[in-house]
Structures are given as C-alpha cells and as structure tokens.
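Chain by chain, the residues run as shown.
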Amino acid sequence: MSVKDCVVLVTGAASGLGLADVRMLVAQGARVIMSDIDQERGAALAQELGADFLHQDVADEQRWGEIMNDIQARFGRLDGLVNNAGIAPIADIENTTTATWRTTMAIHLDATFFGCQAAIRLMKESGGGSIVNMSSTAALVGIPDYLAYSAAKGGIRSMTKAIAIHCRRQRYGIRCNSVHPGSINTPMVQEALRELMDVDLNAAEDPERLRRKLGVGEPDDVANMVTFLLSDQSKHINGAEMVVDNGDTVV
Ligand SMILES: NC(=O)c1ccc[n+]([C@@H]2O[C@H](COP(=O)([O-])OP(=O)(O)OC[C@H]3O[C@@H](n4cnc5c(N)ncnc54)[C@H](O)[C@@H]3O)[C@@H](O)[C@H]2O)c1
C-alpha cells in the first residue's frame, strides 16, 4: 500500500482509532496532520510521532475553513481526510435527552458534512483524493443502548454514498468510503465495557485473552483498512461500506 508523501488529515487523532491511523500512516511515509479537541494530548503526540497538530472541534464549521487554508498554505494540497472524531453516549430511545441527541449529531453528522465539503474544495483543485468516513456497525444493525450514535452513524453511511456518486459524476477523482468497525479496544470501548458489562479490560489478569473472548478487535485492524482506502490500491473502491468486525454482523 502506498501512502508515501500523501498529505492526510486525521480528526480525533489523539486517541484510539485515530491515533492508530496516524502511527500507521506516518510509518508508511505519509505527511499527517492530526487534529483533536484535546490540544495538550494531540500536540504532544504529534511531536512524538513526527506529525503536525491542529486544534479542532469538528462541530465548528468555521474552524474547518481555517484548517483547510492552513493545510493549503503548508502543503499546497490535501490527498486524504479521515473523518474519525467521535463520542458515544450510552442512552436508549427512552433515555436520550435532546441535548445528547444534538451533541451526537453535531460531532458525527454535522462534522462529517463540514469535513467532506471543505476537503472536496481543496482536493478537486489538486486532482483528487480519498475521504474515509468513520461509521460503525451501529449504522448497519442499530444498537439499542446507543440510539443517537446509531442514527448518526447511519447518516454517515448514506451521506458517504451520496458524496461518492457526486464526486464520480463531477469527475473530481475523489473517492469517499465509510468504515464500519465492530468493538475495537480503544478508550471509547473500554468505557462502554465498564458501564454496560462491568468489565475492565485493562485490569484483567490476561487482557489479551479477555479481549479475544469478548470479540474485541485491535486499533490496527481498522488502521489497516483506513490506510488501504487512502492508498491507490483501493482506486476502484468508491461509496463502499467496509465492515471490520470479524463477522459480528453476519452471525
Ligand atoms: N472503538 C470502537 O470500537 C469503534 C467502533 C465503531 C466506530 N468507532 C468510531 O471510531 C471513531 C474513533 O473512536 P475511538 O474508539 O478511537 O474513540 P476515542 O474516544 O478513543 O477517541 C476519540 C477522539 O475524538 C476526539 N474528539 C471527541 N470529540 C471531538 C470533537 N468535537 N472535535 C474533535 N475531536 C473530538 C477525542 O478527544 C478523542 O481523541 C469514532 O468516530 C467512533 O464512533 C469506534
């Protein structure tokens, strides 16, 4: 897979899946811009990994414009965007407040819309690119304890397809795909396991064994897919939903 010298922006890059993406992309020679709402952690990690860092709340539309201007000034182009930042509030249909609903929609759905729109403006100038939108298996099956999250991830799934077809019709050379992980071992899932199952993965005697027993994947399982979608090896894959769940949604 070649992402060498590609200029890639990864949002929500200071933790979990975003951080795994950054590590893999940097190792393969990409020029990575990390963004996150967590300025301190993001800046420290970027310095450690040899990436750039930009502070960003993905729900802030104006900041998307500033970030793209900054990337254009520094690199002259954008080849890849990973819309990865996210939150996962635990609440079913009877317990989801309007505030939780709106925040979840803002951070997932609004942000993915803003990010795709901003990236397309820059990518079409430089001859194309690849956008990867982080969805979830929640978009495919609906998870009762994650009502707003399931709805937002479902929206990301169909938005991705509409964007892919638009860019193809316009012959921009921009691909847009969604990735649908099952449970992956990140702080987000560790918290869910504690809340919903009273399981502490990190405190287990043999965390690896417990992880496998619970069917929880590793961040690199997703980073491999993201890197593939950003590379030219996936050049004929567009508007697709790439499931990374070891068959959870099939059985
Ligand atoms: N871990 C899983 O099992 C799993 C499964 C399916 C989908 N996902 C999706 O993958 C993405 C990453 O999840 P993760 O497990 O790495 O979570 P995580 O909590 O480890 O990391 C999320 C990152 O997003 C950042 N963030 C949160 N709100 C933000 C905002 N408004 N603006 C910018 N950054 C913000 C956080 O600071 C954090 O660094 C999310 O979109 C999540 O929904 C995760």
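Look up a bit, the structure's there.
Note that the coordinates shown come from a computational prediction; the quantities given were computed from them, not determined experimentally. (Residues numbered from 1 in each chain as written. Predicted model: local features only at pLDDT ≥ 70, side-chain atom pairs only at ≥ 80, totals over all residues. Heavy atoms only, no water.)

**Student:** Outline the overall build of the chain, supporting the account with residue identities and numerical values.
**Tutor:** Broken down by element type, the chain carries nine helices and seven strands. In terms of overall dimensions, the chain has a C-alpha envelope of 50 × 35 × 35 Å along the principal axes. By the burial criterion, 49% of the 251 residues in the chain qualify as buried. Restricting to contacts in the chain with at least 6 residues of sequence separation, those with at least 24 account for 68%. Counting every atom, the chain has about 12200 Å² of accessible surface; 47% of that belongs to carbon and sulfur. (Helix = DSSP H or I, 4+ residues; strand = E, 2+ residues; numbered from the N terminus. Buried < 20%, exposed > 50% of the residue type's maximum accessible area, 1.4 Å probe, protein only. Contact = heavy atoms within 4.5 Å. Areas by Shrake-Rupley, 256 points an atom, 1.4 Å probe, with all protein chains shown as cover.)

**Student:** Give me the side chain of Ser 150: which residues, what numbers.
**Tutor:** On the secondary structure map, Ser 150 appears in helix H6 (residues 147–169). Look at Ser 150 and you get buried, because its relative accessible area is 10%. Dropping the residues within four chain positions of it, Ser 150 is found in contact with Ala 138, Ala 139, Gly 142 and Ile 143.

**Student:** I'd like a rundown of the pairing of strand S5 (residues 129–134), residues and numbers included.
**Tutor:** The element S5 is largely enclosed, with a buried count of six among its six residues. The alternating pattern of S5 places Gly 129, Ile 131 and Asn 133 on one face and Ser 130, Val 132 and Met 134 on the opposite face, and all of these are buried. Taken together, the four bridges between strand S4 (residues 80–83) and S5 define a ladder with parallel strand orientation. Across the sheet, residue Gly 80 finds its bridge partner in S5, namely Ser 130. (Pairing = 2+ DSSP bridges.)

**Student:** Give me the site of the ligand: which residues, what numbers.
**Tutor:** Close contacts around the ligand come from 29 residues, with Ser 15, Asp 36, Tyr 149, Ile 184 and Thr 186 the closest. A distance of 2.8 Å separates an oxygen atom of the ligand from a polar backbone atom of Leu 17. At 3.3 Å from a nitrogen atom of the ligand is found a main-chain nitrogen or oxygen belonging to Ile 37. About the coverage of the ligand: the protein hides 92% of its 830 Å² of free accessible area. For the shell around the ligand, the elements supplying multiple residues, two or more each, are helix H1 (16–27), helix H4 (98–125), H6 and helix H7 (187–197). Here the shell around the ligand gets three residues from one element, more than from any other, and that element is H7. Considered class by class, the residues forming the shell around the ligand number 14 nonpolar, twelve polar and three charged. (Near = heavy atom within 4 Å. Polar contact = N/O pair within 3.5 Å; in protein donor to acceptor, adjacent residues only side chain to side chain. Nonpolar A, V, L, I, M, F, W, Y, C, P; charged D, E, K, R; others polar.)

**Student:** Give a detailed account of the packing of H1 against helix H9 (residues 219–230), specifying residues and quantitative values.
**Tutor:** At their nearest, the axes of H1 and H9 sit 8 Å apart, and the two run at 55° to each other. Classified by the angle their axes make, H1 and H9 are oblique. Handedness of the H1/H9 crossing: right-handed. Two secondary-structure elements touch here, H1 through Gly 16, Leu 17, Ala 20, Asp 21, Met 24 and Leu 25 and H9 through Pro 219, Asp 220, Val 222, Ala 223, Asn 224, Val 226, Thr 227 and Leu 230. Here the contact of H1 with H9 is built from residues that sort into nine nonpolar, three polar and two charged. (Axes fitted to C-alpha atoms, helices over the stretch in contact; angles between N-to-C directions. Parallel < 35°, antiparallel > 145°, perpendicular 65-115°, else oblique. Left-handed = near helix turned anticlockwise from the far one by under 90°.)

**Student:** Give a detailed account of a negative patch on the surface, specifying residues and quantitative values.
**Tutor:** A surface patch of negative charge is lined by Asp 57, Asp 60, Glu 61 and Asp 110. Note that Asp 110 resides in helix H4. Under the relative-accessibility criterion, Asp 110 is labelled partly exposed at 33%. (Patch = residues over 30% accessible without salt bridge, like charges linked within 9 Å, V, L, I, M, F, W, Y side chains within 5 Å. Salt bridge = Lys/Arg side-chain N within 4 Å of Asp/Glu carboxyl O. Lys, Arg positive; Asp, Glu negative; His and termini not counted. Charge placed at Lys NZ, Arg CZ, Asp CG, Glu CD.)

**Student:** Describe unusual backbone geometry, naming the residues involved and giving the relevant values.
**Tutor:** Positive phi, normally seen in glycine, also occurs at Asp 5, with a value near 70°. Examined against the element boundaries, Asp 5 turns out to sit in the segment before strand S1 (7–11).

**Student:** How would you explain the pairing of strand S3 (residues 52–55) if you had to name every residue and give the values?
**Tutor:** By the bridge criterion, four bridges tie strand S2 (residues 31–36) to S3 in an arrangement that is parallel. Bridging across to S3, Ile 33 finds its partner in Asp 52.

**Student:** I'd like a description of the packing of helix H3 (residues 61–75) against H4, backed by residues and values.
**Tutor:** Interaxial distance between H3 and H4 falls to 10 Å at its minimum, and their mutual angle equals 30°. The pairing of H3 with H4 is recorded here as roughly parallel in orientation. As H3 runs across H4, the sense of the crossing is right-handed. Contacts between H3 and H4 involve Glu 61, Trp 64, Met 68, Ile 71 and Gln 72 from the first element and Ala 111, Phe 114, Gly 115, Gln 117, Ala 118, Ala 119 and Leu 122 from the second. Of the residues that constitute the contact of H3 with H4, the class distribution is eight nonpolar, three polar and one charged.

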